[in-house]
Amino acid sequence: MAALALSEAAVHARRKAFEALKSELSAKASLPSLPMEGTVATAIPELDRLLAGGFPSGIVATLEGATGRWSVAAGLVSAMTRRSLVAILDDGALYPPGLADAGACLERVLIVPVRKALEVARAADILLRSRICRLILMPAIAVRDSIWARLATLAHRNGVLLIVMATRAGAALSAAAELRLHCALERIIMRGTHGLWGGFAGFELRVNLRKHKHILPGRQARVRVGEVSDAALR
Amino acid sequence: MLLCVDVDFPELWEEMLDALDAVSPLIDDIRPGLAFLEMHGIAGDVRAWMMQARRVLNGFGSVLRLGAGPNKIAARAAAYVADGSICEPGSECELLALLPLTLLDIEAEVVERLALLGIERLGDLAALPHGPFVRRFGTAAARWHELARGIDRRPFVPRSRAVAIEASIFGEGRAVDEAQVFFALRMLLTRVSADLERCGKRAGALHLALELEDAQTCTFDVPLAMPTAHERTMFDMMRAKLEGATFESAIVGLRVQARQLEEGGEAQALFGAGDFDPQRVAVTIARLEAMLGESIVRATTREAHLLEDRFVYQPFVCQPESKHPEFVGHPERSRRIVPQLRLLEVREIAVELRAREPAMVDGQAVMQCVGPWRIAERAFTISPVTRDEYDVVLEDGTFARIYRQGSHWYMRGVYE
């Protein structure tokens, strides 16, 4: 009995020590992370620091949250169109002038109109196999687990970054994704007074790292999403 | 020296041109009934050339006028004056002076206007001062004035030789599954590719005709991203096009024709190792289009008041990376993180106002609001639009663009 009690106490002590170490590591915002090779840098320095250089290529990643995920994606599209083609599987909500305002070269953006979940999956499959784009953006869809697994395999095999835009990733997508980021609106930045004489200067986002193969999850970055320009929006 | 061939009733014009190949290999086909033959380096004199031209065209039974001159206008003028005339170099102005303005192939209205000004002959036109005449009649008048003086700068464009490259297979059974069709297709494309290479040509497009057992014919036009003679590329494109197709009965015949033939080999970029392959892009786009039944597009932006009018979609056209001048030498084009608007399907919303500003949107409190911005498109539009747009932040954190049109409120999009 005594031996059992001792071992229980030892286990308890170890568990406490492990939890303390885990919380200490999670709390370290400035945990040094070495830049990784083969990453795709975004146009957002805070995010690149969070991800140790950028998005790893050849994976499925998710950008989640209600606000800000497309702003982050636009930065990535802007960076990628300098070097290669980018494909966006569009469910009809894309606003291309916003991408152009973010610095993306629209000539290198293939816009694939998709309506149904199966079309999204098949289009992503064709694009991944063709290797013509290094970045593919697609909306989250409700499909079988095996389809996500297949897309992840294809992305890995062909070195293509597949980003899934989801308000909240489901279990199958979460399992297939090697990188998960969650964007949350922190605050709106106003310019001038409200009403006719005011304007939104932008907003601040809190980007949470929820899953990464090499970096401890739980880290955060604050990203300021720039000026809502008059030219672009009014 | 050029030889002008002017025929009154050119029913068999192409055949006549083929026959004229025996006189000169370089023929500029202006229009049915009018052609010029470049005689530089051809043995014999003008009389002998004309005699040979008459001999080869004799069997066609058309009324023929021949003329010779140092350039096109002189040769044509010579043929106009009398069949068999020759305009010697230096005597162009003298020959043209008495001829009518219609020889310049200008619009009847212009001829009429000139006639009202007393200009009826080419000599009258040549006598006009160049500057004031061009200022009055536009830049095209400079060419008319030169032609009237016997100066013809129009280039000699030799007609391309019609080479038909095609391969077909008929009467060798019926194909009921796609593997058989693809096998036959590959065989035909091997032949087409070999013929293209033998002729030193590339195809810019392919035409496929499928004959079905029920006597129907299905045709497919397959444009290639870049003209090519590469069999694999042609096969991939053809297969991608056929992926979405279904047929009501078995296929009993196939014909593949190479179209838009071009001379020479394929262009290769010297420093294009990182370029994407336009053929591969074209194959992928063809596969996507076959699967979706819609075009793959790219967007271009434009100036407009309404959000939804600020961009247009066009079919995606792929160019090698090195041909994009916009980014070459400007790797650090300004990049900004800007809020991205997502255009939702427009739906009516319930808005409560307080102090003439939205206070509640669909039951949610408005935390912050800016606007309105009046958008009015009245002039030159079929359906005039006037609306007031607002940006609002709702209590659930949604950052949206809403607008009021008339007495109704609508949700236009959300910022993500």
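How each quantity is defined
- Residues numbered from 1 in each chain as written.
- Chains lettered and ligands numbered in written order.
- Predicted model: local features only at pLDDT ≥ 70, side-chain atom pairs only at ≥ 80, totals over all residues.
- Helix = DSSP H or I, 4+ residues; strand = E, 2+ residues; numbered from the N terminus.
- Buried ≥ 20, exposed ≤ 12 C-beta atoms within 10 Å, placed from the backbone.
- Contact = placed C-beta atoms within 7 Å.
- pLDDT = per-residue confidence, 0-100.
- Pairing = 2+ DSSP bridges.
- Nonpolar A, V, L, I, M, F, W, Y, C, P; charged D, E, K, R; others polar.
- Axes fitted to C-alpha atoms, helices over the stretch in contact; angles between N-to-C directions.
- Parallel < 35°, antiparallel > 145°, perpendicular 65-115°, else oblique.
- Left-handed = near helix turned anticlockwise from the far one by under 90°.

Our next topic: the overall build of chain A. A tally of regular secondary structure across chain A gives 8 helices and 10 strands. Evaluated residue by residue, chain A yields a buried proportion of 47% over its 234 residues. A fraction of 64% describes how many contacts in chain A between residues 6 or more apart in sequence connect residues 24 or more apart.

Moving on, we get to the confidence of the model for chain B. Residues and elements named next belong to chain B. Of all residues in chain B, 91% have pLDDT values of 70 or greater, and the mean over the chain is 83. Low pLDDT, under 50, characterises residues 322–332; the stretch is placed with 11 contacts to residues that sit more than four places away or in other chains. Quick note on the complex model: pTM equals 0.65, ipTM equals 0.79.

So, about the pairing of strand β2 (residues 27–31) of chain B. Residue and element names in this part refer to chain B. With 4 bridges joining them, β2 and strand β3 (residues 34–38) adopt antiparallel strand pairing. Its bridge partner being in β3, aspartate 29 is matched across the sheet by alanine 35. Hairpin connection, β2 to β3: the antiparallel pair is bridged by 2 residues, and glycine 33 has positive phi, about 105°.

All right, on to the interface of chain A and chain B then. Across the contact, 56 residues belong to chain A and 50 residues belong to chain B. Elements represented by at least two residues in the side of chain A that touches chain B include exactly α3 (69–80), α4 (96–101), β5 (109–113), α5 (117–130), β8 (179–191), β9 (199–211) and β10 (220–225) of chain A. For the side of chain A that touches chain B, the per-class residue count stands at 33 nonpolar, 16 polar and 7 charged.

Bringing the sheet that holds β3 of chain B into the picture now. All names here are of chain B. Spatial strand order, β2-β3-β1-β4-β5: 5 strands in an open sheet with mixed pairing. With partners counted over all chains shown, the strands left at the sheet margins are β2 and β5 (85–86), one partner each. Each of β1 (2–7), β4 (64–69) and β5 is contacted by helix α2 (residues 46–57), which is oriented at about 155° to β4, the strand it contacts most. Helix-sheet contacts for helix α3 (residues 72–81) involve β1, β3, β4 and β5, and the interaxial angle to β4 is about 140°.

Tracing the backbone shows phenylalanine 200 of chain A in strand β9. Residues phenylalanine 200 of chain A and isoleucine 189 of chain A lie 11 residues apart in sequence; the distance between their C-alpha atoms is 6.0 Å.

All right, on to the sheet that holds strand β12 (residues 341–349) of chain B then. All names here are of chain B. Strand order in this open sheet of 7 strands is β12-β18-β17-β16-β15-β14-β13, and the pairing throughout is antiparallel. Each edge of the open sheet carries a strand with a single partner, namely β12 and β13 (351–354). Taking each pair of neighbouring strands and ignoring which way they run, the sheet shows an average axis angle of 30°. Of the pairings in the sheet, the one linking strand β15 (residues 364–377) to strand β16 (residues 385–394) comprises 9 bridges and is antiparallel in character.

Next up on the list: the packing of helix α7 (residues 130–137) of chain B against helix α8 (residues 140–148) of chain B. Residues and elements named next belong to chain B. Running from amino to carboxyl end, α7 crosses α8 at an angle of 140°, the nearest separation of the two axes being 7 Å. Overall, the two elements α7 and α8 adopt an arrangement that is oblique. Once α7 is placed against α8, the crossing between them reads as right-handed. Taken together, the residues of α8 that come into contact with α7 (itself represented by His130, Phe133, Val134 and Phe137) are Ala141, Ala142 and His145. Here the contact of α7 with α8 is composed, by residue class, of 5 nonpolar, 2 polar and no charged.

Should pLDDT be low for a region, the predicted coordinates there are not to be read in detail. Across chain A, the average pLDDT comes to 82, with 85% of residues at or above 70. Contacts of residues 229–234 of chain A to residues separated by more than four positions or lying in other chains number 8 contacts, the stretch itself having pLDDT below 50.

Quick look at the environment of valine 120 of chain A now. All names here are of chain A. Along the chain, valine 120 falls in helix α5. With 22 C-beta atoms packed within 10 Å, valine 120 lands in the buried category. Separated by 20 residues in the primary sequence, valine 120 and alanine 140 place their C-alpha atoms 8.9 Å from one another. Setting aside its immediate chain neighbours within four residues, valine 120 contacts Leu89, Val114, Met138, Pro139 and Ile141.

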